[in-house]
Amino acid sequence: MADIWSEALHGLEPRLDRQTFDMWLRPIRLASVDGDLLQLRAPNRFLKEWFETHYLDLALDELESRHERKFKVAIEVVEEPPPAPERAAPELARPHLEVVVDHPATRPTGSPPRPGGPPRGLHPRYRFDSFIKGGCNELAASAAMAAADEPGTRFNPLFIYGGVGLGKTHLLHGVGYELYRKDPNLRIVYLSAEQFMNEFVTAVRNNEFDQFRARYRRDCDCLLIDDIQFISGRDRTMDEFFHVFNALYEAGKQIVVTADRVPADMAGMEERLTSRLNWGLVADVQPPDLETRIAIIQTKAARDDLELSPQVALSIAELVRSNVRELEGALLRVTAFAQLRGVEIDAEFVRSVLGKTVTDKPPITIEAVQKAVAAYFSVKISELKGKRRHRGISRPRMIAMYLCRQLTGSSFPEIGMRFGGKDHSTVINACKRIEALAQADEDLHAAVESLRGQLGLLS
Ligand code: ADP
Ligand code: MG
């Protein structure tokens with residue numbers, strides 16, 4: 001027979017979406033009942049706290065309305081062993097593209113030691129203690145902290161996604177730092193997906209695949225990869241990352257990945273990879289709300305020994321909304337101007353400085369570039385994406401590719417894909433051609449600059 005708690009949960013189930021229910025409520029179990037007090041069990045501290053702050057009231061209401069009396073609950077943490085990752089097994093057995101013979105004798109001896117220093121690439125500014133939590137990033141921040149607390153257990157992999165300047169990289173470094181603080185001998189590997197690709201390509205080219213493989217698959221206790229979207233469309237790198245992922249996951253090592261969008265929306269990312277990235281927790285970071293923006297400004301100002309009145313913090317926070325990086329830039333500009341002019345900072349001053357320069361702009365998209373270039377040269381967007389090599393079309397196409405690379409930060413393969421599925425080498429060649437041509441050809445140079453200006457204003 002179902003217990004009083006399971007019945008209440010059952011009653012709540014239809015009111016929540018399934019993922020939420022499975023993630024946060026289902027794991028909470030009843031241990032015992034003593035009058036009005038329900039003793040519950042959560043499998044870890046993070047889950048307990050998240051449940052308490054987000055779903056406990058709902059559960060208590062449900063209990064009260066079912067039994068027409070009030071209940072209290074106490075939750076204890078009872079650790080369970082992490083789930084066995086048997087899902088990875090079948091594909092692991094597949095033969096790998098490169099034939100790599102693993103000679104233990106010739107392996108380099110472990111990852112480079114870190115004599116007293118933090119892991120390569122981590123920036124001490126980006127620690128958890130300087131990260132401001134708000135509704136906009138709460139799940140991502142809490143999960144990052146939980147992953148650093150209990151690496152390789154609940155939130156593995158942890159996938160953090162969101163727009164630029166919203167703190168993804170900061171959280172990723174935070175995980176690395178926290179793990180390092182707790183255990184300086186832990187082998188933490190942090191790098192951008194772009195670096196991963198470059199190292200992979202170099203390793204293949206120089207016949208150093210053994211070292212590469214040892215570094216990422218064997219001598220690594222925690223892998224932190226930034227901006228994974230970069231490798232979409234790069235088949236060999238994706239394939240390699242897939243094997244790295246499996247090896248580490250199998251071994252119960254923590255993996256944290258960031259991206260600018262959810263796994264399913266990454267065009268050109270293999271299905272088997274996106275499905276793995278979905279195995280753990282997928283958490284977003286959103287643009288900060290006003291309250292969080294104020295808190296961030298105040299914290300940054302305090303860190304830099306700047307005195308800011310609440311009104312000033314508020315006026316900056318009101319003017320700059322899009323992301324935290326812009327917010328930091330705005331604070332810097334305001335204080336630099338104030339020092340330069342030797343004046344006190346007040347709300348009026350903030351407006352005079354930021355009023356003109358607020359760069360609260362959405363990022364430039366590939367579509368926007370294609371549209372502007374098509375209009376400028378009077379060609380159709382479908383022609384830009386097409387295959388015709390007539391110069392009247394191939395020139396604008398190359399310019400559009402070049403501008404996409406320069407202004408949108410998209411990878412070569414992604415640009416290729418968005419121009420009718422062209423190979424990334426076509427995009428690379430186009431960028432090189434335009435760069436060379438712009439040196440010699442005045443008109444072309446002028447056209448590129450005019451378009452760049454237009455797009456800059458547009459965004
Ligand atoms: P992303 O990787 O999402 O593009 P970053 O992590 O590089 O963004 O963040 C941009 C800047 O904003 C960094 O200097 C970071 O420290 C700061 N930042 C972002 N979010 C927060 C936050 N919640 N609290 C404090 N600083 C933040
Ligand atoms: Mg980043």
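Rules of the game
Residues numbered from 1 in each chain as written. Chains lettered and ligands numbered in written order. Predicted model: local features only at pLDDT ≥ 70, side-chain atom pairs only at ≥ 80, totals over all residues. Heavy atoms only, no water. UniProt positions renumbered as here; feature names shortened; annotations may be inferred. Axes fitted to C-alpha atoms, helices over the stretch in contact; angles between N-to-C directions. Helix = DSSP H or I, 4+ residues; strand = E, 2+ residues; numbered from the N terminus. Parallel < 35°, antiparallel > 145°, perpendicular 65-115°, else oblique. Contact = heavy atoms within 4.5 Å. Nonpolar A, V, L, I, M, F, W, Y, C, P; charged D, E, K, R; others polar. Patch = residues over 30% accessible without salt bridge, like charges linked within 9 Å, V, L, I, M, F, W, Y side chains within 5 Å. Areas by Shrake-Rupley, 256 points an atom, 1.4 Å probe, with all protein chains shown as cover. Salt bridge = Lys/Arg side-chain N within 4 Å of Asp/Glu carboxyl O. Lys, Arg positive; Asp, Glu negative; His and termini not counted. Charge placed at Lys NZ, Arg CZ, Asp CG, Glu CD. Near = heavy atom within 4 Å. Polar contact = N/O pair within 3.5 Å; in protein donor to acceptor, adjacent residues only side chain to side chain. Domains from an automatic or database assignment. Buried < 20%, exposed > 50% of the residue type's maximum accessible area, 1.4 Å probe, protein only. Pairing = 2+ DSSP bridges. Phe/Tyr/Trp six-rings, centres within 6.5 Å; stacked < 30°, edge-to-face > 60°.

- Within an unreviewed UniProt entry, the label attached to the chain reads Chromosomal replication initiator protein DnaA, and the organism entered is Enhygromyxa salina.
- Recorded in UniProt under Subcellular location (unreviewed entry), the annotation for the chain is "Cytoplasm".
- UniProt annotates the chain under Subunit (unreviewed entry) with the comment "Oligomerizes as a right-handed, spiral filament on DNA at oriC."

**Focus: the packing of helix α9 (residues 209–218) against helix α10 (residues 235–250)**
In step 1: In contact at an axis separation of 9 Å, α9 and α10 are set at 45 degrees when each is read in the N-to-C sense. On the basis of their axis angle, the class for α9 and α10 is oblique. Contacts between α9 and α10 pair Phe-209, Phe-212, Tyr-216 and Arg-217 from the former with Glu-240, His-243, Val-244, Ala-247 and Leu-248 from the latter.
In step 2: Of the residues belonging to the contact of α9 with α10, the class tally is six nonpolar, one polar and two charged.

**A closer look at a negative patch on the surface**
In step 1: A surface patch of like charges, here negative, comprises Asp-305, Glu-307, Glu-344, Asp-346 and Glu-348.
In step 2: As for its placement among the helices and strands, Glu-307 is situated in the loop between α12 (290–303) and α13 (310–319).

**Focus: the site of ligand 1**
In step 1: Neighbouring residues of ligand 1: 19 residues in total, closest Ile-132, Gly-165, Lys-168, Thr-169 and His-170.
In step 2: Lys-300 has a polar side-chain atom sitting 3.2 Å from a nitrogen atom of ligand 1.
In step 3: Partitioning the shell around ligand 1 into residue classes produces seven nonpolar, seven polar and five charged.
In step 4: The two domains that each donate at least three residues to the shell around ligand 1 are domain 2 (123–285) and domain 3 (290–354).

**A look at the UniProt feature "binding site: ATP" (unreviewed entry) in the chain**
In step 1: Using the residue numbers shown here, the UniProt feature "binding site: ATP" (unreviewed entry) corresponds to Gly-165, Gly-167, Lys-168 and Thr-169.
In step 2: Here Gly-167 is to be found in the loop between β4 (158–162) and α7 (168–182).
In step 3: Its relative accessible area of 17% is what places Gly-167 among the buried residues.
In step 4: Considering the arrangement of structural elements, one finds Lys-168 in helix α7.
In step 5: A relative accessible area of 8% places Lys-168 in the buried class.
In step 6: Residues in contact with Lys-168, not counting those within four places in the same chain, are Ile-160, Tyr-161, Gly-162, Gly-163, Thr-258, Ala-259 and Val-285.

**Remarks on the pattern of salt bridges**
Think of it this way: side chains of opposite charge can pair up when their charged atoms draw near.
In step 1: This structure, assessed with the given rule, holds 29 salt bridges.
In step 2: A salt bridge links Arg-69 to Asp-36; its shortest N-O distance comes to 2.6 Å. In this pair, Arg-69 sits in the loop between α4 (56–67) and β3 (72–77) while Asp-36 sits in the loop between β1 (29–34) and β2 (37–42), placing the two residues 33 residues apart along the sequence.
In step 3: Taking the relative accessible area as the measure of exposure, Arg-69 reaches 37% and is therefore partly exposed.
In step 4: Here Arg-272 and Glu-270 are joined by a salt bridge, their closest N and O atoms 2.6 Å apart.
In step 5: What emerges from the salt-bridge pattern is a single network uniting Arg-187, Arg-218, Asp-219, Asp-221 and Lys-253.

**Things to note about the side chain of Gln-370**
In step 1: Of note, Gln-370 is situated in helix α16 (residues 366–377).
In step 2: The buried category is assigned to Gln-370, whose relative accessible area is 3%.
In step 3: With sequence-adjacent residues up to four places away left out, Gln-370 is seen in contact with Ile-381, Leu-384, Lys-385, Arg-418 and Phe-419.

**Thoughts on the sheet that holds β2**
In step 1: Pairing is mixed in the open sheet, where three strands are placed in the order β1-β2-β3. The open sheet has two edge strands, β1 and β3, and neither has a second partner. With strand direction ignored, the average angle separating the axes of adjacent strands in the sheet is 25 degrees.
In step 2: Alignment of β1 against β2, held across five bridges, turns out to be antiparallel. Bridge pairing links Ser-32 to Gln-39 in β2.
In step 3: Where helix α3 (residues 45–54) meets the sheet, its contacts fall on β2 and β3, and the angle it forms with β3 comes to roughly 160 degrees.

**A closer look at the packing of helix α18 (residues 391–408) against helix α20 (residues 424–440)**
Each packed pair of helices is defined by two parameters, the angle between the axes and the distance between the axes.
In step 1: Running from amino to carboxyl end, α18 crosses α20 at an angle of 100 degrees, the nearest separation of the two axes being 8 Å. Viewed along their axes, α18 and α20 adopt a mutual orientation that is roughly perpendicular. Between α18 and α20, the residues in contact are Arg-395, Met-398, Ile-399, Met-401, Tyr-402, Arg-405 and Gln-406 and Thr-426, Val-427, Ala-430, Cys-431, Arg-433, Ile-434, Glu-435 and Leu-437, respectively.
In step 2: Taken together, the residues that form the contact of α18 with α20 break down as nine nonpolar, two polar and four charged.

**Digging into the packing of aromatic side chains**
In step 1: Tallied over the entire structure, the rule returns 16 aromatic pairs.
In step 2: Between Phe-212 and Tyr-216, the ring centres sit 4.7 Å apart and the planes meet at 50 degrees, which makes this aromatic pair tilted. Taken together, the positions of Phe-212 and Tyr-216, both in helix α9 and four residues apart, correspond to about one turn of that helix.
In step 3: Classification of Tyr-216 by relative accessible area gives buried; the value is 0%.

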